[in-house]
Amino acid sequence: MSLPQPLRRRLSSFSRTVFTDSRRTGPQYPGDRPDNEMLSSLPLQMSLYFNVYFFPFWWLSTVVMLQLKYSFLSDYYKFILVTIMILASLIEVIRLYLGYMGNLQEKVPELAGFWLLTLLLQLPIILFLLFNEGLKIQPLERAVHIIFALFLTFQVIAAFVTLKRMVNKLATHFRLNEFDHLEEHPVPYFYSLDKEERAVSMAGRGPGAGWGITH
């Protein structure tokens, strides 16, 4: 299972725009980073691993607390909480899948999707559940929301660093391939250089040099 191609292209374009370091023109120390360098982040992978086991506990705790306080909530907050639980559950499944795929297999579009879902959707949802006192937050809820928010904050930072490293590595590899292509096919370049030299030579000889005119 992979992302649709149009979505992959959009995420790849977004990653190049946001995570490419424009100050880098190539590898500063080519010998230090071989082509087979591992770009996956071990801290991010460990965080995702523990997140997979923590999420069912978070979901069960939140649902139990919601059931206990449901009759004390206003209709407005009842609707909001039920909607949030459905959205958060769906987002978390997709988010963890993209995180595993993007980090382990070093796929930039998947990891960029994971980063966006974490930063723009899941983290704001958890912060809303954590700080909105109108939800009648219980101590157990507050505890699990804090742990979940810490997971998400760390993953946003770790995924950002990993994406920058992956995108810059791909950009460097692309530039090196272009350089190798120019080395393998230098003929058009020398032809154009020869034409420029002849043009400069003719200009230096003057307009009448080609007709044998003397003064």
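Structure: see above.
Residues numbered from 1 in each chain as written. Predicted model: local features only at pLDDT ≥ 70, side-chain atom pairs only at ≥ 80, totals over all residues. Heavy atoms only, no water.

Chemist: Help me understand the packing of helix 2 (residues 42–69) against helix 4 (residues 108–131) in this model?
Modeler: For the pair helix 2 and helix 4, interaxial distance at closest approach is 15 Å and the crossing angle is 40°. When the axes of helix 2 and helix 4 are compared, the pair comes out oblique. Note on packing geometry: the crossing formed by helix 2 with helix 4 is left-handed. Residue-level contacts link Leu44, Leu48 and Trp58 of helix 2 to Leu111, Phe114, Ile126 and Leu129 of helix 4. In terms of residue class, the contact of helix 2 with helix 4 is made up of seven nonpolar, no polar and no charged. (Axes fitted to C-alpha atoms, helices over the stretch in contact; angles between N-to-C directions. Helix = DSSP H or I, 4+ residues; strand = E, 2+ residues; numbered from the N terminus. Parallel < 35°, antiparallel > 145°, perpendicular 65-115°, else oblique. Left-handed = near helix turned anticlockwise from the far one by under 90°. Contact = heavy atoms within 4.5 Å. Nonpolar A, V, L, I, M, F, W, Y, C, P; charged D, E, K, R; others polar.)

Chemist: Explanation requested: a nonpolar patch on the surface in the structure shown.
Modeler: On the surface, a nonpolar cluster with roughly 630 Å² of combined accessible area is contributed by Leu42, Met46, Tyr49, Phe50, Val52 and Tyr53. Mapped onto the elements, Tyr49 comes out in helix 2. For Tyr49, a relative accessible area of 41% translates into the label partly exposed. (Patch = residues over 30% accessible without salt bridge, like charges linked within 9 Å, V, L, I, M, F, W, Y side chains within 5 Å. Areas by Shrake-Rupley, 256 points an atom, 1.4 Å probe, with all protein chains shown as cover. Salt bridge = Lys/Arg side-chain N within 4 Å of Asp/Glu carboxyl O. Buried < 20%, exposed > 50% of the residue type's maximum accessible area, 1.4 Å probe, protein only.)

Chemist: Hey, could you run me through helix 3 (residues 75–104) in this one?
Modeler: Note: α-helices contain 3.6 residues per turn, so residues at a spacing of three or four share the same orientation. For helix 3, built from 30 residues, the straight-helix expectation of 44 Å at 1.5 Å per residue is met to within 8% by its first-to-last C-alpha distance of 43 Å. Backbone geometry just after helix 3 places Glu106 at a positive phi near 55°. (Expected span 1.5 Å × (residues − 1).)

Chemist: Could you clarify how one ought to interpret the pattern of salt bridges in this entry?
Modeler: Should the charged atoms of two oppositely charged side chains come close, the side chains can pair. Under the counting rule described, the total for this entry stands at four salt bridges. With its nearest N and O atoms 2.8 Å apart, the salt bridge here joins Lys69 to Glu141. Here the residue Lys69 occupies a position in helix 2, and Glu141 occupies one in helix 5 (residues 139–184), the gap between them amounting to 72 residues. For the residue pair Lys69 and Glu141, the accessibility class agrees, reading buried in each case. The shortest N-O distance in the salt bridge between Glu133 and Arg142 comes to 3.5 Å.

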